[in-house]
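Residue-level structural notes
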Amino acid sequence: MGMTRPEAGSFRDPGGRVYVIDGHVYRSVMPAAVDDYEFVRSTGLIDKLCGNGQVIPETTVDPGVLGIDGEGARYVLEHPMLPFISFPYEWSFPELKAAALLQLDVNLEALEHGVTLSDASAYNIQFAGPRPVFIDSLSFRRYREGEFWMGHRQFCEQFVNPLLLRALAGVPHNSWYRGALEGISAQELRPLLRWSHKFSWNVLTHVVMQARLQGRATSQCSAEHRIRKQKLSRLAFRQMLRGLRKWIARLEPADTGKTVWADYAGCNNYDSGETEAKRDFIADFAGSLQPAMLWDIGCNTGDYSRAALESGAEYVVGFDFDQGALNLAYCRAIDENLNFLPLYLDAANQSPSQGWAQSERSGLMQRAGADGILALAVVHHLCIGRNIPLQEVIDWLVAMAPEGVIEFVQKSDPMVQSLLRLREDIFDDYNEETFLRHLGRKASIVRSETVSGANRRLFWFRRDRDYLS
């Protein structure tokens, strides 16, 4: 076997590394982690958590699968490959909340087995469809009676404080979290809180007092040293986790009014026949392609993602910038048990590769690999709303998948006119003829259909084989 290379995001754990080889995910268990690994497995905790879907399954395999990297490993585990890797700064409020509740539930169950978690990183959780799943099996270790919860500060910074930013101040966490990958500190959040917020026992305990502790310490190390000296009984630890869970479960976004596109599905310019024609077109596309992975760029509340799933798509990742639409899309995915993961995306400012050596967290396009895409009511927003040249928008979309459906909206459409209302029309090349010329250089048109008078038209494209070569 040739050389293997560990995943860039797994370098922080001396207990083991993660490898992806030919579509298989492996995790090494190094000697430093063996005692805890064997103890935790002996309790039956992992079997129980895997059985109810809270923790990703694992199978012990021959260390030889890792080649040279497997020589020092005491165990090598294989995990199923998740369809898509996402990060907390791409999650909507209810997704971050669901991930926080899972982290707490896993830790509560672990305590019942004499086990706890060594950290509380949000990056230890991924989504399979709309369901969160814990993925870091080496975070489990033997619980030591009386120890303080060493993951408390991390849990607050990566879950509690980002949620409070939205729940108390009405500010989505996504941009801040993307710029500060370890989350939001109590010292940063506290100045944004009103006096009335600080009368909450939970805010006082998990934000205000934490900020004071961090501020008084001469360094982070001295603050951590203070924490390590504290004692916390198992009963008090359990009550703390349960109290956090009850509080977080009640949190809701403060900005609950209408957002830009949250009610788009019910207030657009289509009549019922036009909406049905659009849905039928997507159904025909998905039924013909049968994509294992479909990306829905501008998914809104998920109407067409659901149509694609009902017609043959196996898994859909949706992207949108509107928080209200994303919240509704996620609730729909949960309520209807859809294999659909809606994520936050500003298409003109996509998630970059970042973190250590700019590789710890992969950028959006580094995670691309869909079999098909939908780009409905997207092109005009990027071209006219964000001043991105039409050719570049088409290049970006066609590069994502070998087949897809792109909607082109004419300037005469009311939605485009609304974008132009307060600005000069400098978009001379924004027309269907130019759109088709650029698309035709990279792909062939399988089918097209006008779905809204003469204003909106769908194009099913198939990328040329040599386009990306």
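Coordinates for the structure precede this section.
Since we're looking at a predicted model, the values are computed, not measured.

What about the nonpolar core?
Within the largest apolar cluster, 100 residues are counted, with the highest numbers of intra-cluster contacts made by Phe 140, Trp 149, Phe 155, Ile 248, Trp 295, Phe 319 and Leu 439. Residue contributions to this core peak at twelve residues, all from helix H3 (residues 93–112). Apart from the residues lying within four places of it in its own chain, the contact partners of Phe 319 are Phe 84, Trp 295, Asp 296, Ile 297, Gly 298, Cys 299, Leu 343, Leu 345 and Leu 364. Formed by 22 residues, the second largest nonpolar core is a distinct cluster that contains Phe 285, Ala 286, Leu 309 and Val 316.

Quick notes on the environment of Arg 245
Counting through the fold element by element, Arg 245 comes out in helix H9 (residues 234–250). If we skip the residues at most four places from it in the chain, Arg 245 touches Leu 101, Leu 104 and Asp 105.

Here's the deal with the pairing of strand S4 (residues 75–79)
Within a regular beta strand, the side chains point alternately toward one face of the sheet and then the other, so they alternate between its two faces. Pairing of strand S2 (residues 24–29) with S4 involves five bridges; the strand directions are antiparallel. Paired with Tyr 26 across the strands is Glu 78, a residue of S4. Where strand S3 (residues 59–61) and S4 come together, three bridges link them in antiparallel fashion. Each residue of the ladder has a partner; that of Val 61, found in S4, is Val 76.

Comments concerning the pattern of salt bridges
According to the stated counting rule, one finds 26 salt bridges in the structure shown. For Glu 336, the salt bridge goes to Arg 306, with nearest N and O atoms at 3.0 Å. Residue Glu 336 is found in the loop between helix H12 (323–335) and strand S11 (340–344), and its partner Arg 306 is found in helix H11 (residues 303–311); the two are separated by 30 residues along the sequence. According to the relative accessible area criterion, Arg 306 is partly exposed, its value standing at 25%. The shortest N-O distance in the salt bridge between Arg 456 and Asp 413 comes to 2.9 Å. With Arg 456 in strand S15 (residues 456–463) and Asp 413 in the loop between strand S13 (403–409) and helix H15 (414–420), this residue pair connects regions lying 43 residues apart in the sequence. Members of the salt-bridge network, linked through shared partners, are Lys 278, Glu 407, Asp 413 and Arg 456.

What about the environment of Asp 296?
Mapped onto the elements, Asp 296 comes out in strand S9 (residues 294–297). Its relative accessible area of 1% is what places Asp 296 among the buried residues. C-alpha of Asp 296 to C-alpha of Ile 334: the two residues are 38 residues apart in sequence and 17 Å apart in space. Setting aside residues no more than four positions away along its own chain, Asp 296 makes contact with Tyr 304, Ser 305, Val 316, Val 317, Gly 318, Phe 319 and Leu 374.

What about helix H16 (residues 432–440)?
Along an α-helix, a turn takes 3.6 residues, which lines up residues three or four apart on a common side. Inspection of H16 places Glu 432, Thr 434, Phe 435, His 438 and Leu 439 among the buried residues, and these make up the whole buried set. For H16, the angular spread of the buried residues around the axis is 160 degrees, confining them to a single face. For H16, the elements touching its buried residues are helix H14 (390–400), S13, strand S14 (443–452) and S15. The N-terminus of H16 is capped by Asn 431, whose side-chain oxygen sits 3.2 Å from the backbone nitrogen of Glu 433.

Quick notes on the rules
Position numbers for residues count from 1 along each chain, tracking the sequence in the order it is written. Under the rules for a predicted model, residues below a pLDDT of 70 receive no local features and side-chain atom pairs below 80 are neither given nor counted, while totals for whole chains, interfaces and linings still include all residues. Excluding hydrogens and water, the side-chain figures rest on all heavy atoms present in the structure. The nonpolar core is taken to be a set of buried Ala, Val, Leu, Ile, Met, Phe, Trp, Tyr and Cys residues, with the residues joined through side-chain atoms within 4.5 Å. Type-normalised accessible area, obtained with a 1.4 Å probe on protein chains alone, sets the label of each residue: buried when under 20%, exposed when over 50%, and partly exposed for intermediate values. For the purposes of this entry, the term helix denotes a DSSP run of H or I that reaches at least four residues, the term strand denotes a run of E that reaches at least two, and both are numbered from the N terminus. The contact definition used throughout considers only heavy atoms, calling two residues in contact when any of these lie within 4.5 Å. Here a strand pair is declared whenever DSSP counts at least two bridges between the two strands. For this analysis, a salt bridge means a side-chain nitrogen from Lys or Arg found within 4 Å of a carboxyl oxygen belonging to Asp or Glu. This arc is taken over the directions from the axis of the helix to the C-beta atoms. Nitrogen and oxygen atoms within 3.5 Å of one another constitute a polar contact, given that in protein one can donate a hydrogen and the other can accept it, and given that sequence-neighbouring residues count only through two side-chain atoms.

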